[in-house]
Amino acid sequence: MFETSPVQQPVQPPGQSLAGRAYLVRAGVSIGALVLLVGVIAMAAAKGETHIPLGTVLQTIANHLWQAGYDVDPIDAGIIWNYRISRAMVAAACGASLALSGAVLQALLRNSLADPYLLGISAGASTGAVSVAILGFGAGMVSLSLGAFVGALVAFGFVALLAIPAGRGAGAIILAGVAGSQLFNALTSFIVTKAATADEARGVMFWLLGNLSGVRWPDVYLALPVAIIGLLVCLWYSRALDAFTFGVESAASLGVPVRRVYVVLIAIAASMTAVMVSIVGAIGFVGLVIPHAARFFVGTRHGFLLPASALIGAVFLVAADIVSRIILDGQVLPIGVITALIGAPAFAIILCHGRVLR
Amino acid sequence: MSLELRSVGWNAGFKKIISDVSLRVTRGEFLGVIGPNGSGKTSMMSVLGGIRAPSTGQALLGDQPMKKIGRRNLARHIGFVEQQADTIDRITVRDAVALGRTPYLSLLTPWSGHDDAIVCEALASVEMGPFADRMWHTLSGGEKQRVHIARALTQQPDFLLLDEPTNHLDIHHQLGLLELVRALPVTVVAALHDLNHAAMFCDRIAMMDGGKLIALGTPEQILTSQNLRDVFGVAADIEIDDQGRCHIRYHAGNQKSLAIKKDRVA
Amino acid sequence: MINHDKRVLAVGVFAAGLISSVSFASATEYPLSIENCGTVLQFDAAPERVVSLGQSTTEILYSLGLADKVKGTGVWFGPVMDEFRDVNASVPRLADNDPGFETVVAQKPQLVATQYQWHVGPKGTVGTTEQFSELSIPVYTAPADCVGKDNAGGGDGVRHEGFTMDLIYREISDLAQIFDVEDRGEELIATLKERQANSLERVTASGHDNVSAVFWFSSPEINSDPYVAGKNGAAGYIAGKLSVRNIIDSNEEWPTVGWETIARANPDIIVIGKMGRRRFPADDWQVKMDFLKTDPVASQMKAVRNGNIVVMDAQSMDPTIRLINGIETLAEAVERLSASN
């Protein structure tokens, strides 16, 4: 017979040394990851369409960082500092933001396949971009980026409004997002087939596949703060995100203000994604796969998962950008192609290793 | 500290799920909530647990409206165990239980040894101590339920609300769980579907039907042949033993009673 | 319609004409069979009604004095050449871009002339060649878009054989023949050839040495990789004729090439396109100029520092009759460059 016994000697909590060691390991991994990020950004500065000797690269960086005063050809210096390094920093910010948004949405919507574009953002961005480039909205005063940003927000607003009568739960949001994405994708196709001339269509579609070629320092001043603020806000809610482990009602019973968390975090994820998509186009797979990779390394606790996702996302996208520039001679592949080519098999490997579960 | 509902109603859209439910939970008791499917038990439990706000009426904790108390505070007094909560996350049992400390943690009060101790204590009281480092998905249904209860216990609640906690368990674990819960130093409100269990473990029983609380009293008062026939549509005899406990003897062949029950459904 | 005797006479004269030099102007003999882009077009008489889809083709028709026969136009890239402003005003414009099939057919044309196969061709957006032939409407495609060019891949296509002005001259003489105004056609061609020769002379006289250039059409985003002229297109032809080296080596008409590559190649002259279209902000030549002057890398190029930026009508960089203007503009720029050195 099952007997209740008086409270026994509690099982020994993990010793201080064990916890201490865990922290050391985690600290070591974090520092290692940061070093890796800096390293890959430096590599992005050194590699590109045209060949610039490593010495020149280092001299340029030295000149900018501590006024070393080396004599470097201004074009080479400009390429390294204004093109390549700014591009790498935006790639890092973008990778971090997309991965972070993906992790947050997967937790909130309780769905392993959630990614930031689920909210209709990339579909809306594409509609906005083609409206500017092909329909001529803004009569040449409005850039593709601005069009994409507005389109992204409109689509997101549409999805949010659709989710309300649909019940406001995770399932409703996902369905609304799918419906919204389909609608705006259809609009994009309609505009392109009906009204585009050859080079208009090509220009926009190439941009939409993910394009870091137009990035300069002003874009860094936008992307980097957005990524950092996004990370900080999401970290603030990391315990709340943990509380969603067993579902929305469970989180509510643990005292989490569910409605507020949903609104804030989805808004943050949507904003981060909209900003990134408007700067570099819609780069796929990052938001979906990187959180899973991060879980593989650091587990599911969001206090670790969120920074890990951000870091891995950053490194991944910078690396993908390098690859997209050097893989074909004299030509730059759209970065979305690279992320998909790497992301899909990587996802398969993660699935097969038995870490199917989140 | 008391937990009370005053004329509470809850609507889903335009449909009234529960209406005019008034109930006051006495400290230290084991209150059972019974009723046929669709009687509104789960909805009533959600409002009682502060998970949902009532559409009409008031839910009160310690004579204060729950609205004013705030989610976090409520969570420190009321632990809620859902009917069926699962996750595909790869977490350990310890992690799952540790989630219960959420209402006490913040940036200024991070995880500490005190929290570790509470987690261990909770695991011990549901006799899952040795399972602490096992993976969640390797547990059986009964073990998972016990971990849920442990999690609710780490909230250090005054009230423990359980929504059909024994649904997916075999008889050994059903009885074991209810015994365990009864022995805990908390006030328990449990929605039960097995009437004999209600008879065995509850101090009081609240009977619901069609969204209304139609009776509240001791098992002997509530579990009568008449009630069983009218509310549940079953024919049964009630036996009361020397210790005053009820045992329900069901009769087979319920077709006629089903017809009676059907008439009564609104 | 033509009786037996006249037909014999026509054949005789035609044969005589073939034997002697092709270049003396004679009246067109009908029925006329003329080869165009792999098909043979048949005309029993000079068409009275033609719809012209493509600004260059339209301007050629105007140059040949055939404005009264043009019953509808489409596919415009900018304002019509100044000298044709008045005649163009009385010609119905069916669409600024591509009109619909029925709109074109409603004009009851006896000939549809198109500048690009993108609009009328195997997969034309206005209509396919088959659709028009079902209604017995012949379609004349500008040789510049089909000779030595592969449009199957869509977009601007890939040019395998270098573009030359002969393709434009052929269009002029073809149309002149179809409309029985061969004398005007020859005059026009002669004028254009003379202008080209003059420009060449100017350049040779200036004694320039190894000048390089890049032709910038537009960009999807002002900072992103620009559309620049490949080596086989019209712009490449201009550069080649004037012994200017086009730094872009691609076979595509308007490939996208990164600023990094362009900056490293450091051309002597940068040609920027001026157009009426406003789709991308970079369509505006002033936006392009601003970019060159303010971008941290582009502004370091010697062409920008020395002020050797040439603003050229975008249609002069495309295979159109305005190409001659492009040759003249670039010749002028090379002259200036050599003078300043």
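In case you missed it, the structure is sitting above this.
Residues numbered from 1 in each chain as written. Chains lettered and ligands numbered in written order. Predicted model: local features only at pLDDT ≥ 70, side-chain atom pairs only at ≥ 80, totals over all residues.

Caption draft 1: Fine view of the environment of Ile338 of chain A. For Ile338 of chain A, the position within the fold is in helix α14 (residues 335-352). Each C-alpha atom, one on Ile338 of chain A and one on Phe206 of chain A, is 14 Å from the other, the two residues being 132 residues apart in sequence. (Helix = DSSP H or I, 4+ residues; strand = E, 2+ residues; numbered from the N terminus.)

Caption draft 2: Geometry of the interface of chain A and chain C. At the interface, 31 residues of chain A touch 28 residues of chain C. Every element with two or more residues in the side of chain A that touches chain C is listed here: α3 (74-108), α4 (121-135), α5 (144-163) and α7 (198-208) of chain A. For the side of chain A that touches chain C, the element with the highest residue contribution is α7 of chain A, accounting for seven residues. Considered class by class, the residues forming the side of chain A that touches chain C number 13 nonpolar, 13 polar and five charged. (Contact = placed C-beta atoms within 7 Å. Nonpolar A, V, L, I, M, F, W, Y, C, P; charged D, E, K, R; others polar.)

Caption draft 3: Focus on the nonpolar core. Residue and element names in this part refer to chain A. Within the largest apolar cluster, 275 residues are counted, with the highest numbers of intra-cluster contacts made by Ala92 and Val318. With 23 residues, α3 is the single largest residue contributor to this core. Ignoring sequence-local partners within four residues, the contact set of Ala92 consists of Leu37, Ile41, Ala314, Leu317 and Val318. (Core = buried A, V, L, I, M, F, W, Y, C linked by C-beta atoms within 7 Å. Buried ≥ 20, exposed ≤ 12 C-beta atoms within 10 Å, placed from the backbone.)

Caption draft 4: Quick peek at helix α2 (residues 55-63) of chain C. All names here are of chain C. In terms of burial, α2 is largely enclosed, as nine of its nine residues are buried. Among the residues making up α2, those that are buried are Gln55, Ser56, Thr57, Thr58, Glu59, Ile60, Leu61, Tyr62 and Ser63. At the C-terminal side of α2, Gly65 shows a positive phi close to 70°.

Caption draft 5: Quick peek at the sheet that holds strand β3 (residues 30-34) of chain B. All names here are of chain B. Strand order in the open sheet formed by six strands is β6-β7-β8-β3-β9-β10, and the pairing between neighbours is mixed. This sheet does not close on itself; its edge strands, each paired only once, are β6 (78-81) and β10 (212-217). In this sheet, neighbouring strand axes are inclined to one another by 15° on average, regardless of whether the strands run parallel or antiparallel. Relative to strand β8 (residues 187-191), strand β7 (residues 159-163) is paired through five bridges, and the arrangement is parallel. Looking at the pairing, Leu161 lines up with Val189 of β8. The sheet contacts of helix α6 (residues 141-154) involve β6 and β7, and relative to β6 the element is tilted by about 165°. (Pairing = 2+ DSSP bridges. Axes fitted to C-alpha atoms, helices over the stretch in contact; angles between N-to-C directions.)

Caption draft 6: Region of interest: unusual backbone geometry. Omega for the bond connecting Tyr30 of chain C with Pro31 of chain C falls within 30 degrees of zero, at 0°, which places this linkage in the cis form. Tracing the sequence through the fold places Pro31 of chain C in the loop between α1 (4-19) and β1 (32-36). Even without being a glycine, Glu164 of chain B presents a positive backbone phi close to 45°. Tracing the chain through its elements places Glu164 of chain B in the loop between β7 and α7 (171-183). With a phi close to 55°, Ser243 of chain C is a non-glycine residue in the positive phi region. Along the polypeptide, Ser243 of chain C turns up in the loop between α9 (234-241) and β13 (245-246). Ser243 of chain C gets classed as partly exposed once you count the C-beta atoms within 10 Å, which come to 14.

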